[in-house]
Amino acid sequence: MPQVTSDGRTLINFILNGKPASGQAEPRMLLSDFLRQVAGLTEVHVGCEHGICGACTLRIDGEPARSCLTFAVQIEGRRVDTVQSLLGPRGELNDLQAAFRKHHSLQCGYCTTGILMSATAFLEKNPNPGEEEIRDMLSGHICRCTGYVGMVRAIKEVVASRSAKSKVPA
Amino acid sequence: MKPYKFEYFRPASLEEALDLLARHSEDVRILAGGQSLVPMMNFRLVQPKKLMDITAIKSLDYIRAERDTVEVGATTTQAKLLEWPQLASTVPLVAMALPHVGHFQTRSRGTVCGSVAHSDPVSELPLCLAVLGGSVILSSKKTGSREVSAADFQLGLLLTARRYDEMVTAVRFPVRQPGTGYAFQEMAERKGDLAVCAVAAKVSDRGIRLGVGGVAEKPTVRDWNDLPDSGLDEALNAFAWDLEGSDDIHGSAVYRRQLVRRLGRRAIMEARECRK
(Lines give C-alpha, C1' and ligand atoms only; values in the text may rest on other atoms or scores of the structure.)
Protein backbone atom coordinates (compact mmCIF):
# COMPACT_ATOMS: atom_id res chain seq x y z
CA MET A 1 0.00 0.00 0.00
CA PRO A 2 1.50 3.40 -0.94
CA GLN A 3 2.19 5.26 2.28
CA VAL A 4 3.93 8.59 2.88
CA THR A 5 4.85 9.89 6.34
CA SER A 6 3.74 13.40 7.17
CA ASP A 7 7.20 14.97 6.84
CA GLY A 8 8.36 12.66 4.08
CA ARG A 9 8.40 13.57 0.45
CA THR A 10 7.51 11.21 -2.30
CA LEU A 11 8.28 11.18 -5.99
CA ILE A 12 5.12 11.56 -8.03
CA ASN A 13 5.12 10.33 -11.61
CA PHE A 14 2.27 11.47 -13.83
CA ILE A 15 1.38 12.61 -17.35
CA LEU A 16 1.31 16.39 -17.64
CA ASN A 17 -0.25 17.79 -20.81
CA GLY A 18 0.57 14.60 -22.68
CA LYS A 19 4.19 14.26 -21.52
CA PRO A 20 5.62 12.19 -18.65
CA ALA A 21 6.48 14.39 -15.67
CA SER A 22 7.55 13.95 -12.07
CA GLY A 23 8.15 15.95 -8.92
CA GLN A 24 8.58 15.66 -5.17
CA ALA A 25 5.82 16.56 -2.70
CA GLU A 26 4.88 15.94 0.89
CA PRO A 27 1.33 14.61 1.46
CA ARG A 28 -0.20 17.93 2.51
CA MET A 29 0.83 19.71 -0.70
CA LEU A 30 -2.20 20.65 -2.80
CA LEU A 31 -2.09 19.82 -6.50
CA SER A 32 -2.54 23.52 -7.30
CA ASP A 33 0.59 24.45 -5.33
CA PHE A 34 2.51 21.47 -6.70
CA LEU A 35 1.85 22.45 -10.30
CA ARG A 36 2.75 26.10 -9.68
CA GLN A 37 5.74 25.70 -7.38
CA VAL A 38 7.26 22.36 -8.38
CA ALA A 39 6.22 21.95 -12.01
CA GLY A 40 6.32 25.69 -12.75
CA LEU A 41 2.89 25.87 -14.38
CA THR A 42 1.69 29.31 -13.33
CA GLU A 43 -1.44 29.06 -15.48
CA VAL A 44 -2.99 27.10 -12.60
CA HIS A 45 -4.54 29.99 -10.70
CA VAL A 46 -5.23 29.84 -6.99
CA GLY A 47 -8.29 31.73 -5.82
CA CYS A 48 -10.35 30.67 -2.81
CA GLU A 49 -8.60 27.37 -1.96
CA HIS A 50 -11.83 25.73 -0.89
CA GLY A 51 -13.42 24.69 -4.15
CA ILE A 52 -15.85 27.56 -4.63
CA CYS A 53 -14.27 29.96 -7.15
CA GLY A 54 -13.18 27.45 -9.79
CA ALA A 55 -10.01 29.32 -10.85
CA CYS A 56 -7.79 26.25 -10.27
CA THR A 57 -9.96 23.83 -12.27
CA LEU A 58 -8.08 21.43 -14.53
CA ARG A 59 -8.65 17.91 -15.83
CA ILE A 60 -7.54 14.69 -14.16
CA ASP A 61 -7.94 11.68 -16.44
CA GLY A 62 -10.25 13.87 -18.51
CA GLU A 63 -12.62 14.75 -15.65
CA PRO A 64 -12.82 18.35 -14.43
CA ALA A 65 -11.32 18.75 -10.97
CA ARG A 66 -10.53 21.49 -8.47
CA SER A 67 -6.77 21.23 -8.04
CA CYS A 68 -7.04 23.00 -4.66
CA LEU A 69 -9.16 20.07 -3.40
CA THR A 70 -6.75 17.41 -4.65
CA PHE A 71 -3.44 16.43 -3.06
CA ALA A 72 -0.44 16.11 -5.33
CA VAL A 73 0.21 12.56 -4.04
CA GLN A 74 -3.15 11.53 -5.47
CA ILE A 75 -2.14 12.07 -9.09
CA GLU A 76 0.46 9.29 -9.19
CA GLY A 77 0.03 7.55 -12.56
CA ARG A 78 -2.75 9.86 -13.69
CA ARG A 79 -3.12 12.26 -16.60
CA VAL A 80 -3.30 15.95 -15.71
CA ASP A 81 -4.26 18.51 -18.34
CA THR A 82 -3.98 22.27 -17.89
CA VAL A 83 -4.89 25.01 -20.35
CA GLN A 84 -1.63 24.35 -22.24
CA SER A 85 -3.16 21.09 -23.48
CA LEU A 86 -5.58 23.12 -25.61
CA LEU A 87 -2.90 24.77 -27.72
CA GLY A 88 -2.19 23.53 -31.23
CA PRO A 89 1.22 22.13 -32.32
CA ARG A 90 2.62 25.61 -33.10
CA GLY A 91 1.19 27.13 -29.96
CA GLU A 92 -1.89 28.53 -31.67
CA LEU A 93 -5.18 28.99 -29.77
CA ASN A 94 -7.82 26.32 -30.28
CA ASP A 95 -11.36 27.18 -31.42
CA LEU A 96 -12.67 27.65 -27.86
CA GLN A 97 -9.81 29.94 -26.84
CA ALA A 98 -10.15 31.92 -30.09
CA ALA A 99 -13.89 32.32 -29.48
CA PHE A 100 -13.19 33.56 -25.93
CA ARG A 101 -10.85 36.18 -27.38
CA LYS A 102 -13.32 37.19 -30.09
CA HIS A 103 -16.27 37.59 -27.71
CA HIS A 104 -14.34 39.41 -24.96
CA SER A 105 -15.04 36.49 -22.61
CA LEU A 106 -12.19 37.56 -20.36
CA GLN A 107 -10.86 40.73 -18.88
CA CYS A 108 -8.27 40.11 -16.17
CA GLY A 109 -8.05 36.44 -17.17
CA TYR A 110 -7.68 35.03 -13.67
CA CYS A 111 -10.73 32.75 -13.90
CA THR A 112 -10.26 31.97 -17.60
CA THR A 113 -7.88 29.01 -17.53
CA GLY A 114 -10.19 27.12 -15.17
CA ILE A 115 -13.27 27.96 -17.21
CA LEU A 116 -11.62 26.81 -20.44
CA MET A 117 -10.81 23.43 -18.86
CA SER A 118 -14.35 23.05 -17.50
CA ALA A 119 -15.90 24.03 -20.82
CA THR A 120 -13.63 21.60 -22.71
CA ALA A 121 -14.64 18.65 -20.50
CA PHE A 122 -18.28 19.78 -20.58
CA LEU A 123 -18.44 19.98 -24.40
CA GLU A 124 -16.90 16.50 -24.72
CA LYS A 125 -19.68 15.08 -22.56
CA ASN A 126 -22.40 17.27 -23.96
CA PRO A 127 -21.52 18.47 -27.49
CA ASN A 128 -24.83 20.23 -28.07
CA PRO A 129 -25.85 22.08 -24.88
CA GLY A 130 -28.52 24.76 -24.65
CA GLU A 131 -27.85 28.16 -23.09
CA GLU A 132 -29.39 26.99 -19.79
CA GLU A 133 -26.96 24.07 -19.59
CA ILE A 134 -23.98 26.29 -20.47
CA ARG A 135 -24.95 28.72 -17.71
CA ASP A 136 -25.39 25.83 -15.28
CA MET A 137 -21.84 24.64 -16.07
CA LEU A 138 -20.49 28.19 -15.67
CA SER A 139 -22.15 28.43 -12.24
CA GLY A 140 -19.20 26.38 -10.99
CA HIS A 141 -16.92 29.38 -11.60
CA ILE A 142 -16.71 32.92 -10.35
CA CYS A 143 -15.73 35.73 -12.72
CA ARG A 144 -15.74 39.23 -11.26
CA CYS A 145 -15.03 41.08 -14.55
CA THR A 146 -17.26 39.96 -17.38
CA GLY A 147 -20.76 39.04 -16.23
CA TYR A 148 -20.42 35.74 -18.16
CA VAL A 149 -22.36 36.94 -21.24
CA GLY A 150 -19.29 36.85 -23.49
CA MET A 151 -18.43 33.34 -22.30
CA VAL A 152 -21.92 32.07 -23.08
CA ARG A 153 -21.67 33.63 -26.56
CA ALA A 154 -18.24 32.12 -27.18
CA ILE A 155 -19.29 28.63 -26.08
CA LYS A 156 -22.48 28.80 -28.16
CA GLU A 157 -20.44 29.78 -31.22
CA VAL A 158 -18.05 26.87 -30.70
CA VAL A 159 -20.99 24.47 -30.30
CA ALA A 160 -22.48 25.73 -33.58
CA SER A 161 -19.23 25.58 -35.54
CA ARG A 162 -18.22 22.14 -34.20
CA SER A 163 -21.62 20.65 -35.01
CA ALA A 164 -21.57 22.22 -38.51
CA LYS A 165 -18.14 20.63 -39.06
CA SER A 166 -19.29 17.22 -37.87
CA LYS A 167 -22.21 17.33 -40.32
CA VAL A 168 -20.00 17.92 -43.38
CA PRO A 169 -19.93 14.64 -45.34
CA ALA A 170 -16.46 13.15 -45.62
CA MET B 1 -5.39 27.99 3.76
CA LYS B 2 -3.03 25.03 3.60
CA PRO B 3 -3.82 21.78 5.41
CA TYR B 4 -1.84 20.72 8.46
CA LYS B 5 0.55 17.83 7.85
CA PHE B 6 -0.71 14.27 7.79
CA GLU B 7 0.40 10.78 6.91
CA TYR B 8 -1.01 9.49 3.64
CA PHE B 9 -2.22 5.97 2.84
CA ARG B 10 -3.68 4.67 -0.39
CA PRO B 11 -5.03 1.13 0.05
CA ALA B 12 -5.80 -0.79 -3.13
CA SER B 13 -8.38 -3.12 -1.58
CA LEU B 14 -11.19 -2.98 0.97
CA GLU B 15 -9.32 -5.51 3.15
CA GLU B 16 -6.28 -3.21 3.35
CA ALA B 17 -8.52 -0.23 4.14
CA LEU B 18 -10.42 -2.01 6.93
CA ASP B 19 -7.16 -3.34 8.35
CA LEU B 20 -5.75 0.18 8.52
CA LEU B 21 -8.93 1.44 10.21
CA ALA B 22 -8.80 -1.42 12.74
CA ARG B 23 -5.20 -0.55 13.65
CA HIS B 24 -5.42 3.25 13.80
CA SER B 25 -9.17 4.01 13.95
CA GLU B 26 -9.45 7.35 15.75
CA ASP B 27 -6.48 8.92 13.95
CA VAL B 28 -7.76 8.16 10.44
CA ARG B 29 -9.98 10.24 8.20
CA ILE B 30 -11.30 8.65 5.03
CA LEU B 31 -10.79 10.60 1.79
CA ALA B 32 -13.01 9.80 -1.19
CA GLY B 33 -13.88 12.74 -3.47
CA GLY B 34 -12.62 15.29 -0.96
CA GLN B 35 -15.09 17.98 -1.97
CA SER B 36 -16.17 18.53 1.65
CA LEU B 37 -13.25 17.10 3.61
CA VAL B 38 -10.41 18.94 1.82
CA PRO B 39 -11.99 22.42 2.24
CA MET B 40 -12.30 21.62 5.97
CA MET B 41 -8.66 20.52 5.99
CA ASN B 42 -7.58 23.66 4.11
CA PHE B 43 -9.38 25.77 6.73
CA ARG B 44 -7.75 23.53 9.39
CA LEU B 45 -11.15 22.78 10.88
CA VAL B 46 -10.08 19.15 10.52
CA GLN B 47 -6.50 18.03 11.12
CA PRO B 48 -6.31 14.26 10.69
CA LYS B 49 -3.11 12.49 11.73
CA LYS B 50 -3.63 9.95 8.98
CA LEU B 51 -5.50 10.30 5.73
CA MET B 52 -6.73 7.19 3.97
CA ASP B 53 -7.40 7.77 0.27
CA ILE B 54 -9.90 5.10 -0.87
CA THR B 55 -10.12 6.21 -4.51
CA ALA B 56 -7.85 3.37 -5.68
CA ILE B 57 -10.25 0.68 -4.38
CA LYS B 58 -11.77 -0.31 -7.71
CA SER B 59 -14.21 -2.87 -6.23
CA LEU B 60 -16.16 -0.05 -4.52
CA ASP B 61 -16.90 1.84 -7.75
CA TYR B 62 -20.27 0.39 -8.75
CA ILE B 63 -23.99 1.04 -9.14
CA ARG B 64 -26.01 -2.14 -8.61
CA ALA B 65 -29.73 -2.30 -9.34
CA GLU B 66 -31.37 -4.97 -7.19
CA ARG B 67 -35.08 -5.79 -7.05
CA ASP B 68 -35.92 -3.33 -4.25
CA THR B 69 -32.87 -1.10 -4.02
CA VAL B 70 -30.16 0.64 -5.98
CA GLU B 71 -26.83 0.15 -4.21
CA VAL B 72 -24.05 2.66 -4.79
CA GLY B 73 -20.46 1.82 -3.78
CA ALA B 74 -18.17 4.06 -1.74
CA THR B 75 -16.03 5.44 -4.56
CA THR B 76 -18.81 6.04 -7.12
CA THR B 77 -18.94 9.72 -8.02
CA GLN B 78 -22.07 11.85 -8.05
CA ALA B 79 -21.44 12.47 -11.78
CA LYS B 80 -21.42 8.74 -12.51
CA LEU B 81 -24.75 8.23 -10.71
CA LEU B 82 -26.27 11.26 -12.46
CA GLU B 83 -25.18 9.86 -15.85
CA TRP B 84 -26.51 6.36 -15.07
CA PRO B 85 -29.27 5.82 -17.68
CA GLN B 86 -31.66 4.01 -15.29
CA LEU B 87 -31.51 6.63 -12.54
CA ALA B 88 -34.67 8.58 -13.40
CA SER B 89 -36.77 5.42 -13.79
CA THR B 90 -35.50 3.64 -10.65
CA VAL B 91 -34.80 6.41 -8.12
CA PRO B 92 -36.47 9.54 -9.53
CA LEU B 93 -36.02 11.59 -6.35
CA VAL B 94 -32.23 11.21 -6.54
CA ALA B 95 -32.32 12.12 -10.25
CA MET B 96 -34.12 15.36 -9.29
CA ALA B 97 -31.82 16.19 -6.36
CA LEU B 98 -28.38 15.37 -7.83
CA PRO B 99 -28.16 18.39 -10.17
CA HIS B 100 -28.36 20.55 -7.00
CA VAL B 101 -25.37 18.77 -5.43
CA GLY B 102 -22.37 21.03 -5.99
CA HIS B 103 -21.43 21.83 -9.57
CA PHE B 104 -20.45 19.99 -12.76
CA GLN B 105 -16.82 20.55 -11.67
CA THR B 106 -17.26 19.03 -8.18
CA ARG B 107 -19.70 16.18 -8.94
CA SER B 108 -16.93 14.67 -11.08
CA ARG B 109 -14.92 14.03 -7.88
CA GLY B 110 -17.49 14.11 -5.08
CA THR B 111 -18.92 10.73 -4.14
CA VAL B 112 -22.46 9.67 -3.24
CA CYS B 113 -21.34 7.80 -0.12
CA GLY B 114 -19.01 10.63 0.90
CA SER B 115 -21.92 13.04 0.88
CA VAL B 116 -23.92 10.70 3.13
CA ALA B 117 -20.94 10.01 5.40
CA HIS B 118 -20.20 13.74 5.77
CA SER B 119 -23.83 14.27 6.85
CA ASP B 120 -24.08 18.01 6.42
CA PRO B 121 -27.62 19.02 7.50
CA VAL B 122 -28.12 21.02 4.28
CA SER B 123 -26.88 18.23 2.02
CA GLU B 124 -29.27 16.85 -0.62
CA LEU B 125 -28.33 13.16 -0.74
CA PRO B 126 -28.79 12.45 2.99
CA LEU B 127 -32.18 14.16 2.70
CA CYS B 128 -33.17 11.87 -0.20
CA LEU B 129 -31.92 8.82 1.70
CA ALA B 130 -34.00 9.82 4.74
CA VAL B 131 -37.21 10.45 2.76
CA LEU B 132 -36.87 7.21 0.78
CA GLY B 133 -36.08 5.22 3.94
CA GLY B 134 -32.76 4.03 2.54
CA SER B 135 -29.81 2.59 4.39
CA VAL B 136 -26.05 2.74 4.81
CA ILE B 137 -23.70 -0.25 4.78
CA LEU B 138 -20.91 -0.01 7.34
CA SER B 139 -18.00 -2.45 7.32
CA SER B 140 -15.26 -3.16 9.81
CA LYS B 141 -12.54 -5.78 10.13
CA LYS B 142 -13.64 -6.80 13.62
CA THR B 143 -17.42 -6.95 13.28
CA GLY B 144 -18.02 -7.44 9.57
CA SER B 145 -20.80 -5.54 7.81
CA ARG B 146 -24.00 -4.05 9.16
CA GLU B 147 -26.85 -2.22 7.48
CA VAL B 148 -28.10 0.91 9.27
CA SER B 149 -31.25 2.79 8.29
CA ALA B 150 -30.82 6.41 7.23
CA ALA B 151 -32.78 7.48 10.31
CA ASP B 152 -30.39 5.66 12.64
CA PHE B 153 -27.25 6.62 10.70
CA GLN B 154 -27.38 10.41 10.75
CA LEU B 155 -27.48 11.57 14.37
CA GLY B 156 -26.89 15.32 14.05
CA LEU B 157 -24.64 18.02 12.64
CA LEU B 158 -21.79 16.12 10.89
CA LEU B 159 -22.48 13.31 13.33
CA THR B 160 -23.25 9.72 12.37
CA ALA B 161 -23.51 6.25 13.89
CA ARG B 162 -20.27 5.17 12.18
CA ARG B 163 -17.71 3.77 14.62
CA TYR B 164 -14.08 4.80 14.14
CA ASP B 165 -13.09 1.36 12.89
CA GLU B 166 -15.92 1.31 10.35
CA MET B 167 -16.15 2.61 6.82
CA VAL B 168 -19.23 3.46 4.76
CA THR B 169 -18.87 0.93 1.93
CA ALA B 170 -22.23 1.53 0.19
CA VAL B 171 -25.60 3.23 0.42
CA ARG B 172 -28.92 1.71 -0.66
CA PHE B 173 -31.72 3.78 -2.15
CA PRO B 174 -35.14 2.03 -2.29
CA VAL B 175 -36.46 1.95 -5.86
CA ARG B 176 -39.55 3.88 -6.88
CA GLN B 177 -42.82 2.38 -5.75
CA PRO B 178 -45.70 2.16 -8.24
CA GLY B 179 -48.33 4.87 -7.80
CA THR B 180 -45.92 7.08 -5.85
CA GLY B 181 -44.87 10.59 -6.84
CA TYR B 182 -41.64 12.30 -5.83
CA ALA B 183 -40.46 15.92 -5.91
CA PHE B 184 -37.44 17.95 -4.80
CA GLN B 185 -37.17 21.69 -4.20
CA GLU B 186 -34.46 23.85 -2.73
CA MET B 187 -33.47 27.46 -2.15
CA ALA B 188 -29.80 28.37 -2.48
CA GLU B 189 -28.05 31.69 -3.09
CA ARG B 190 -26.64 30.35 -6.36
CA LYS B 191 -27.55 27.02 -7.93
CA GLY B 192 -25.07 24.46 -6.60
CA ASP B 193 -24.31 26.43 -3.45
CA LEU B 194 -25.24 25.00 -0.09
CA ALA B 195 -28.99 25.07 0.36
CA VAL B 196 -30.63 27.48 2.79
CA CYS B 197 -33.50 24.99 2.86
CA ALA B 198 -34.17 21.85 0.79
CA VAL B 199 -37.29 19.71 0.78
CA ALA B 200 -38.15 16.32 -0.69
CA ALA B 201 -41.67 14.94 -0.95
CA LYS B 202 -43.10 11.48 -1.53
CA VAL B 203 -46.84 11.13 -2.13
CA SER B 204 -48.82 7.90 -2.49
CA ASP B 205 -52.25 6.48 -1.65
CA ARG B 206 -51.01 5.82 1.84
CA GLY B 207 -50.18 9.43 2.53
CA ILE B 208 -47.68 12.25 2.29
CA ARG B 209 -44.07 12.22 3.47
CA LEU B 210 -42.02 15.41 3.54
CA GLY B 211 -38.36 15.71 4.45
CA VAL B 212 -36.63 19.00 5.22
CA GLY B 213 -32.90 19.72 5.16
CA GLY B 214 -31.06 22.85 6.23
CA VAL B 215 -33.33 23.88 9.11
CA ALA B 216 -32.78 21.33 11.91
CA GLU B 217 -29.45 19.65 12.71
CA LYS B 218 -30.24 16.74 10.41
CA PRO B 219 -32.74 15.95 7.66
CA THR B 220 -36.12 15.63 9.33
CA VAL B 221 -38.98 13.57 7.94
CA ARG B 222 -42.68 13.83 8.72
CA ASP B 223 -45.54 11.61 7.59
CA TRP B 224 -49.19 12.56 7.24
CA ASN B 225 -51.88 10.01 6.50
CA ASP B 226 -55.34 11.12 5.39
CA LEU B 227 -54.42 14.79 5.46
CA PRO B 228 -57.18 16.80 3.75
CA ASP B 229 -56.01 19.57 1.39
CA SER B 230 -57.60 22.13 3.68
CA GLY B 231 -55.28 21.02 6.49
CA LEU B 232 -52.04 21.12 4.48
CA ASP B 233 -50.98 24.68 5.31
CA GLU B 234 -51.60 24.16 8.99
CA ALA B 235 -49.66 20.89 8.98
CA LEU B 236 -46.72 22.54 7.20
CA ASN B 237 -46.78 25.45 9.65
CA ALA B 238 -46.67 23.08 12.61
CA PHE B 239 -43.79 21.15 11.01
CA ALA B 240 -41.88 24.40 10.32
CA TRP B 241 -42.14 25.45 13.99
CA ASP B 242 -41.14 21.98 15.24
CA LEU B 243 -37.88 22.16 13.25
CA GLU B 244 -36.57 25.01 15.44
CA GLY B 245 -34.39 26.61 12.79
CA SER B 246 -31.82 29.20 13.78
CA ASP B 247 -30.52 32.46 12.27
CA ASP B 248 -27.29 32.54 10.33
CA ILE B 249 -25.61 34.65 7.65
CA HIS B 250 -27.64 32.94 4.90
CA GLY B 251 -31.08 33.47 6.37
CA SER B 252 -33.11 34.00 9.52
CA ALA B 253 -35.13 31.33 11.30
CA VAL B 254 -38.28 33.22 10.23
CA TYR B 255 -37.20 32.98 6.57
CA ARG B 256 -36.36 29.30 6.93
CA ARG B 257 -39.80 28.53 8.40
CA GLN B 258 -41.37 30.37 5.50
CA LEU B 259 -39.30 28.30 3.05
CA VAL B 260 -40.52 25.10 4.72
CA ARG B 261 -44.15 26.26 4.24
CA ARG B 262 -43.73 27.41 0.64
CA LEU B 263 -41.25 24.86 -0.73
CA GLY B 264 -43.03 22.11 1.21
CA ARG B 265 -46.37 22.92 -0.39
CA ARG B 266 -44.77 23.22 -3.84
CA ALA B 267 -43.00 19.85 -3.51
CA ILE B 268 -46.09 18.05 -2.25
CA MET B 269 -48.19 19.43 -5.12
CA GLU B 270 -45.52 18.48 -7.66
CA ALA B 271 -45.14 14.97 -6.22
CA ARG B 272 -48.90 14.51 -6.36
CA GLU B 273 -48.84 15.58 -10.02
CA CYS B 274 -46.01 13.11 -10.76
CA ARG B 275 -48.08 10.15 -9.54
CA LYS B 276 -50.28 10.38 -12.59
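Preceding block: the structure.
What you are looking at is a predicted structure, and each value in this text was computed from that prediction instead of being measured. (Residues numbered from 1 in each chain as written. Chains lettered and ligands numbered in written order. Predicted model: local features only at pLDDT ≥ 70, side-chain atom pairs only at ≥ 80, totals over all residues. Heavy atoms only, no water.)

Colleague: Now, about the nonpolar core: what can you tell me, with residues and values included?
Modeller: Counting residues in each nonpolar core, the largest one holds 50 residues, and the members touching the most others are Leu81, Val94, Met167, Val171 and Phe173 of chain B. One finds Ile12, Val44 and Ala72 of chain A together with Met41 of chain B within the second-largest nonpolar core, a separate group that totals 32 residues. (Core = buried A, V, L, I, M, F, W, Y, C linked by side-chain atoms within 4.5 Å. Buried < 20%, exposed > 50% of the residue type's maximum accessible area, 1.4 Å probe, protein only.)

Colleague: Break down the sheet that holds strand β5 (residues 69–73) of chain B for me, citing the residues and quoting the values.
Modeller: All names here are of chain B. Judged by pairing direction, the sheet is antiparallel, and its five strands sit side by side in the order β4-β5-β10-β6-β7 without closing on themselves. The outermost strands of the open sheet, each flanked by one partner alone, are β4 (63–65) and β7 (144–149). Looking at each pair of strands side by side, their axes are set apart by 20° on average, direction ignored. Contacts from helix α1 (residues 14–24) reach β6 (135–140) and β10 (167–174) within the one sheet, and its direction differs from that of β10 by about 120°. Lying on the sheet, helix α8 (residues 124–132) is in contact with β6 and β10; it crosses β10 at an angle near 55°. (Pairing = 2+ DSSP bridges. Helix = DSSP H or I, 4+ residues; strand = E, 2+ residues; numbered from the N terminus. Axes fitted to C-alpha atoms, helices over the stretch in contact; angles between N-to-C directions. Contact = heavy atoms within 4.5 Å.)

Colleague: Before we move on, can you summarise the side chain of threonine 57 of chain A with the specific residues and values?
Modeller: With respect to the element layout, threonine 57 of chain A can be found in strand β4 (residues 57–60). Within polar-contact distance, the side chain of threonine 57 of chain A engages the side chain of arginine 66 of chain A at 3.0 Å. Residues contacting threonine 57 of chain A, with those up to four places away along its chain left out, are Pro64, Ala65, Arg66, Thr113, Gly114, Met117, Ser118 and His141 of chain A together with Gln105 of chain B. (Polar contact = N/O pair within 3.5 Å; in protein donor to acceptor, adjacent residues only side chain to side chain.)

Colleague: Summarise the pattern of salt bridges; cite the residues concerned and give the values.
Modeller: Residue and element names in this part refer to chain B. Scanning the entire structure with this criterion turns up 32 salt bridges over all chains. We note a salt bridge from glutamate 71 to arginine 64, for which the minimum N-O separation is 3.7 Å. Accessibility expressed as a relative area gives 7% for glutamate 71, which makes it buried. Within the structure, one salt-bridge network assembled from shared partners comprises Arg64, Glu71, Glu147 and Arg172. (Salt bridge = Lys/Arg side-chain N within 4 Å of Asp/Glu carboxyl O.)

Colleague: Break down the interface of chain A and chain B for me, citing the residues and quoting the values.
Modeller: Chain A puts 39 residues into the contact, and the matching count from chain B is 36 residues. The junction of chain A with chain B conceals about 3,300 Å² of combined surface from both sides, 54% of it contributed by carbon and sulfur atoms. Broken down residue by residue, the surface that chain A buries against chain B is led by Met1, Arg28 and Leu69 of chain A, which jointly contribute 20%. Counting every contact that joins chain A to chain B gives four salt bridges. Taking the shortest distance from any N to any O, the salt bridge between glutamate 83 of chain B and lysine 125 of chain A comes out at 3.0 Å. The interface formed by chain A and chain B contains 18 residue pairs in polar contact (both at pLDDT 80 or more). Mapped onto the side of chain A that touches chain B, the elements with two or more residues apiece are β1 (3–4), β4, β5 (63–66), α3 (112–125) and α4 (131–138) of chain A. Of the residues in the side of chain A that touches chain B, the class split is 18 nonpolar, 12 polar and nine charged. Where β1 of chain A lies against strand β1 (residues 7–9) of chain B, two bridges are found, and the strand directions are antiparallel. Within β1 of chain B, the residue paired with valine 4 of chain A across the bridge is tyrosine 8 of chain B. (Buried area = accessible area lost by both parts, 1.4 Å probe. Nonpolar A, V, L, I, M, F, W, Y, C, P; charged D, E, K, R; others polar.)

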